[in-house]
Amino acid sequence: MTPNPETPSPWAMSRRGVMASSAATAAVASTPIAAAAPRTDAAKGSVPTASTKLTVNGKQHSLTLDTRTTLLDTLREHLHLTGTKKGCDHGQCGACTVIVNGERINSCLSLAVQHDGDEVTTIEGLGMPDHLHPMQAAFVKHDGFQCGYCTPGQICSAVSVLEEIKRGIPSHVQGDVAAQPAISDAEIRERMSGNICRCGAYANILEAINEVAGRSGDKA
Amino acid sequence: MRAFTYERAKDPVAAARAVAANPGARFLAGGTNLVDLMKIQVETPTHLVDVQDLGFDKIEATPEGGLRIGALVSNTALAADERIRRDYGLVTRATVAGASGQLRNKATTAGNLLQRTRCPYFYDTNLPCNKRRPGSGCSAIGGYSRQLAVVGTSDACIATHPSDMAIAMRALDAVVETVNAEGQTRAIPIADFHRLPGDTPHIETALATGELITAVTLPKPIGGTHVYEKVRDRSSYAFAVVSVAAVIQPDGSGRVAVGGVAPKPWRMAEAEAALPQGAKAVTTRLFAEARPTEHNRFKLALVERTLAGVLHETRTA
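The structure displayed is predicted, hence computed values, not measured ones.

**Q** How would you explain the overall build of chain B if you had to name every residue and give the values?
**A** Check the secondary structure of chain B and you find 13 helices and 11 strands. The C-alpha atoms of chain B give a radius of gyration of 19 Å, which matches the 20 Å a tight globule of 317 residues would have. Reported as C-alpha extents along the three principal axes, the dimensions of chain B are approximately 55 × 50 × 30 Å. For chain B, with 317 residues in total, the buried portion stands at 59%. The contacts in chain B between residues at least 6 apart in sequence include a share of 61% that link residues at least 24 apart. As presented, chain B carries roughly 12600 Å² of accessible surface, and 51% of it is formed by carbon and sulfur atoms. Measuring between centres, the 37 positive side-chain charges of chain B sit 4 Å from its 31 negative side-chain charges.

**Q** Can you tell me about the sheet that holds strand β11 (residues 254-259) of chain B, naming the residues and giving the values?
**A** Residue and element names in this part refer to chain B. Taken in spatial order, the three strands make up an open sheet running β9-β10-β11, and their pairing is antiparallel. Two strands lie at the open edges of the sheet, namely β9 (225-231) and β11, each paired on one side alone. Averaged over all pairs of adjacent strands, the angle between strand axes in this sheet comes to 10°, irrespective of strand direction. Summarising the sheet, β9 and strand β10 (residues 242-248) pair through seven bridges and their orientation is antiparallel.

**Q** Account for the interface of chain A and chain B, with residues named and values stated.
**A** Across the boundary between the two partners, chain A contributes 42 residues, which contact 40 residues of chain B. Together chain A and chain B conceal approximately 3200 Å² of surface at their shared face, both sides included; 53% is due to carbon and sulfur atoms. Counting the contacts that link chain A with chain B gives one salt bridge. Notably, a salt bridge pairs Asp 89 of chain A with Lys 39 of chain B, separated by 2.8 Å at the nearest N-O pair. Linking chain A with chain B are 25 residue pairs in polar contact (both at pLDDT 80 or more), by the criterion used here.

**Q** Residues and numbers for the environment of Pro 189 of chain B, please.
**A** All names here are of chain B. Relative to the helices and strands, Pro 189 is located in strand β7 (residues 185-189). The exposure class of Pro 189 is partly exposed, given its relative accessible area of 39%. With 12 residues separating them in the primary sequence, Pro 189 and Glu 177 have C-alpha atoms 8.8 Å apart. Among residues more than four places away in sequence, those in contact with Pro 189 are Ala 174 and Val 175.

**Q** Please provide a residue-by-residue account of the environment of Thr 108 of chain B, values included.
**A** Residues and elements named next belong to chain B. Looking at the element boundaries, Thr 108 is found in the loop between α6 (101-106) and α7 (109-113). Relative accessible area serves as the criterion here: at 6%, Thr 108 is assigned to the buried category. Spatially, the C-alpha atoms of Thr 108 and Arg 132 are 23 Å apart, while their sequence positions differ by 24 residues. In this view, Thr 108 contacts Ala 29, Gly 30, Ala 71, Leu 72, Val 73, Ser 74 and Asn 75; residues no more than four positions away in its chain are not counted. Within the structure, the side chain of Thr 108 is placed 2.9 Å from the backbone nitrogen of Gly 111, a separation counted as a polar contact.

**Q** Can you tell me about the side chain of His 47 of chain B, naming the residues and giving the values?
**A** Residue and element names in this part refer to chain B. Note that His 47 resides in strand β3 (residues 47-50). Among the polar contacts made by the side chain of His 47, one reaches the side chain of Glu 7 at a distance of 2.7 Å. If near-sequence neighbours (up to four positions away) are discounted, His 47 is found in contact with Phe 4, Thr 5, Tyr 6, Glu 7, Asn 22, Gly 24, Ala 25 and Arg 26.

**Q** Please give an account of the pairing of β10 of chain B that cites residues and values.
**A** All names here are of chain B. Along β10, seven of the seven residues are buried, which leaves the element largely enclosed by surrounding structure. Taking every second residue as pointing to the same face, both faces of β10 are buried, with Val 242, Val 244, Ala 246 and Ile 248 on one and Ser 243, Ala 245 and Val 247 on the other. In this structure, β10 lies alongside β11, joined through six bridges in antiparallel fashion. Of the residues in β11, the one forming a bridge with Val 247 is Arg 255. Counting the residues between successive antiparallel strands, the hairpin from β10 to β11 contains five residues, one of them, Gly 252, with a positive phi of roughly 95°.

**Q** How would you explain the pattern of salt bridges if you had to name every residue and give the values?
**A** As enumerated under the stated definition, the model contains 29 salt bridges over all chains in all. Arg 191 of chain A is paired through a salt bridge with Glu 187 of chain A; the nearest N and O atoms lie 2.8 Å apart. Of this pair, Arg 191 of chain A and Glu 187 of chain A both sit in helix α8 (residues 185-191), four residues apart, roughly one helical turn. With relative accessibility at 4%, the residue Glu 187 of chain A sits in the buried group. Here Lys 230 of chain B ties to Asp 164 of chain B by a salt bridge, and the two come within 2.8 Å at their closest N and O atoms. Of this pair, Lys 230 of chain B sits in strand β9 while Asp 164 of chain B sits in the loop between α8 (120-123) and α9 (165-171), and the two are 66 residues apart along the sequence.

**Q** If you had to explain the packing of helix α6 (residues 134-141) of chain A against helix α9 (residues 202-212) of chain A to someone new, which residues and values would you point to?
**A** Residues and elements named next belong to chain A. Contact geometry of α6 with α9 gives a least axis separation of 8 Å together with a crossing angle of 140°. By the criterion of interaxial angle, the relationship of α6 to α9 is oblique. For the pair α6 and α9, the crossing hand works out as right-handed. Contacts between α6 and α9 involve Pro 134, Met 135, Ala 138, Phe 139 and Lys 141 from the first element and Ile 205, Ala 208, Ile 209, Glu 211 and Val 212 from the second. Looking at the contact of α6 with α9, its residues break down into eight nonpolar, no polar and two charged.

**Q** Talk me through the packing of α6 of chain A against helix α7 (residues 151-166) of chain A; I want residue IDs and the actual numbers.
**A** Residues and elements named next belong to chain A. Where α6 contacts α7, the axes come no closer than 10 Å and their chain directions differ by 125°. Taken together, the axes of α6 and α7 lie oblique to each other. Where α6 crosses over α7, the two elements pack in a sense that is right-handed. Counted together, Met 135, Gln 136 and Phe 139 of α6 and Thr 151, Gln 154, Ile 155, Ala 158, Val 159 and Leu 162 of α7 form the full contact between these two elements.

Rules and cut-offs
Residues numbered from 1 in each chain as written. Chains lettered and ligands numbered in written order. Predicted model: local features only at pLDDT ≥ 70, side-chain atom pairs only at ≥ 80, totals over all residues. Heavy atoms only, no water. Helix = DSSP H or I, 4+ residues; strand = E, 2+ residues; numbered from the N terminus. Rg over C-alpha atoms; globule rule 2.2 N^0.38 Å. Buried < 20%, exposed > 50% of the residue type's maximum accessible area, 1.4 Å probe, protein only. Contact = heavy atoms within 4.5 Å. Areas by Shrake-Rupley, 256 points an atom, 1.4 Å probe, with all protein chains shown as cover. Lys, Arg positive; Asp, Glu negative; His and termini not counted. Charge placed at Lys NZ, Arg CZ, Asp CG, Glu CD. Pairing = 2+ DSSP bridges. Axes fitted to C-alpha atoms, helices over the stretch in contact; angles between N-to-C directions. Buried area = accessible area lost by both parts, 1.4 Å probe. Salt bridge = Lys/Arg side-chain N within 4 Å of Asp/Glu carboxyl O. Polar contact = N/O pair within 3.5 Å; in protein donor to acceptor, adjacent residues only side chain to side chain. Parallel < 35°, antiparallel > 145°, perpendicular 65-115°, else oblique. Left-handed = near helix turned anticlockwise from the far one by under 90°. Nonpolar A, V, L, I, M, F, W, Y, C, P; charged D, E, K, R; others polar.

Don't take any of this as a statement about function, it's just geometry.
Here's what the structure looks like:
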């Protein structure tokens, strides 16, 4: 399925529909006043906005956004690409990791206006169920998750980690930082430390990344 | 997050002017620290001047044989530069010891120096903090202070500077280059760049309002063995409990700067002079005026033992 932000997938629509209708039911049942309360933000009409052009998964978007909107919220709430997840919203968990101009970043710590003209790849852009990216397929094969919430960020990070090693970016676990890094379990673990998995699927995540890297992992 | 207006600066002096002219304005580079603090309203700028288009993203050789690192060079690009890795290994080691891969891709060289403290009371807007709200008091003094500073503190503030990269820059005598709204430039030795808190912990650097960092320069390489040893509560992606940056020469002389212990990278000439006598002689001098709390007194012994390990490593290297 090709992601199309203008027409969200039936899955996204139905989930949103369910959430909206249950919220409405709750409001009617308990506090009708809350349901009738106006949204004051728009009424004020004074919220600063800015225009931003983004290319997301190969598709161009022109957006006018409240300047406060993070790249993460832009992807999820405005482009309806809900694969990218909001975990801590403070750059500590890595669930929001996306690839911008070829480098992984925490989309929660970036304002959308900072990315005018940038190219963004999200988990939907890496692959979809009928054409998985090799890293996505390896995570499925090796059971690299339990609840799955951190998984899109883990996969975007993992794809970038292999690219960073290929580009020779040094890491903390290298003995000689002047040398080119060599892929190892220790290198992968260190480079993936910005992605937290509370289910603790790290061992299987490591296996998945090793498989895509074409190696079998270090002997214990 | 409070509402703010946003502009992208087209040249450095215009950027400095835009911030100097507006008391609510702040520079925005990578945003990894500022945007985070804006979310919890520790930072509440009314206008952001984004400096990402100013072209300070190169590392160039200086006529003196050193390197001039553009203010916007990312932590990743800094650590990965061939010349930095070869001649200033301490900078690469310290930089890759900090943050995560994602953060290092976005965080900048100047922004790293300007990081705010990770003192938990600075982050909690319900509690007094002299750094966040001048004159309101310090919740850390008498509070839980295990992570906080042991030296260079005052009765107003015991926060640490959180940067790893800055500790390496201090050991290597980096110089911070700036420009102001009038177009005047100046070069600030890193020893004078970060200020001790005194009565004004909210003033953290020597920068004037609207003064913009354009580059950080490193003098010509000094050789020696470069070691950055960081002690933390987990083995990756955590701030330092303490860290030791050292450049040790074959004759046993060298340089030592310590992180995680003070409001700025902590280095003293008289302590370095004692390097041939061993770690204890160095740390006795570094911490002669230390005022640890009951929670962080352990840092004094931890730095001494970490330095002893570093010296042993360089002797056997």
